[in-house]
Amino acid sequence: MPATRFKVRVTKDYLVFSSGHFITFDGDHCERIHGHNYRAAVEVDGDLDANSYVVDFIALRDMTRAITDELDHRMLLPAESPLIRVAAEGPNLVARYGDRFWSFPSDECVVLPIANTTSELLARYIAERLLDAMKERGWSAPRAIRVEVEECFGQSAEVELIL
Ligand SMILES: Nc1nc2c(c(=O)[nH]1)N=C([C@H](O)[C@H](O)COP(=O)(O)OP(=O)(O)OP(=O)(O)O)CN2
């Protein structure tokens with residue numbers, strides 16, 4: 001019997017989030033604010049369960065959509081950046097980098113536990129959230145999960161969490 005591996009893949013035209021962001025890079029650079037129509041794709045590797053599937057990809061689709069919907073039409077801000085400080089100021093969140101600052105209504109932002117809002121770290125954030133959701137449902141841990149975040153056509157980053 002050959003070695004056998006199974007995976008499921010979910011990517012839908014509604015696993016998308018239109019979000020604003022800006023990243024810091026090359027030490028002391030901070031790009032201008034801009035946005036993307038991001039798209040997420042998820043793959044899960046694992047053994048077959050009693051249903052003969054790796055995971056129910058309908059449930060995986062819906063879990064992913066719940067996360068992308070949280071990010072949609074929001075300004076994405078990093079909570080763990082050594083360079084960008086984010087703080088509440090009345091009804092707004094203010095992000096500061098040097099003498100630049102940006103102020104947004106708090107309910108139009110998502111502050112993420114990441115150091116920079118790169119596609120790589122957005123992908124890892126989504127992957128970790130999906131693992132948490134699987135655990136909450138009592139699913140056994142998969143062998144691996146991969147999340148790809150496409151920033152725009154032909155430009156994406158992928159993370160693989162191997163468990
Ligand atoms: N590996 C990565 N590289 C870059 C990332 C990233 O997340 N991972 N992000 C950026 C910038 O944040 C930015 O998103 C690049 O935006 P984009 O609009 O693609 O840049 P351009 O304006 O130069 O491209 P256009 O095609 O003209 O829109 C950079 N690198």
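Note that the coordinates shown come from a computational prediction; the quantities given were computed from them, not determined experimentally.

### Observations concerning the pattern of salt bridges
In the structure shown here, the tally under the stated rule is 12 salt bridges. Among the salt bridges present, the one from Glu160 reaches Arg146, with a minimum N-O distance of 2.7 Å. Of this pair, Glu160 sits in strand S11 (residues 155-162) while Arg146 sits in strand S10 (residues 144-152); the two residues are 14 residues apart in sequence, bridging distant segments of the chain. Here Arg146 falls in the buried class, since its relative accessible area comes to 10%.

### With respect to the sheet that holds strand S8 (residues 100-105)
Pairing between sheet strands relies on hydrogen bonds along the backbone, with the strands arranged either parallel or antiparallel. Taken in spatial order, the three strands of this open sheet run S6-S7-S8, and their pairing is antiparallel. Each end of this open sheet is capped by a strand with a single partner; those strands are strand S6 (85-89) and S8. The average angle at which neighbouring strand axes cross in this sheet is 25°, direction not considered. Note that strand S7 (residues 92-97) and S8 share six bridges and pair antiparallel. In the strand pairing of S8, Asn92 is matched with Pro105.

Each value, and the rule that gives it
- Residues numbered from 1 in each chain as written.
- Predicted model: local features only at pLDDT ≥ 70, side-chain atom pairs only at ≥ 80, totals over all residues.
- Heavy atoms only, no water.
- Salt bridge = Lys/Arg side-chain N within 4 Å of Asp/Glu carboxyl O.
- Helix = DSSP H or I, 4+ residues; strand = E, 2+ residues; numbered from the N terminus.
- Buried < 20%, exposed > 50% of the residue type's maximum accessible area, 1.4 Å probe, protein only.
- Pairing = 2+ DSSP bridges.
- Axes fitted to C-alpha atoms, helices over the stretch in contact; angles between N-to-C directions.

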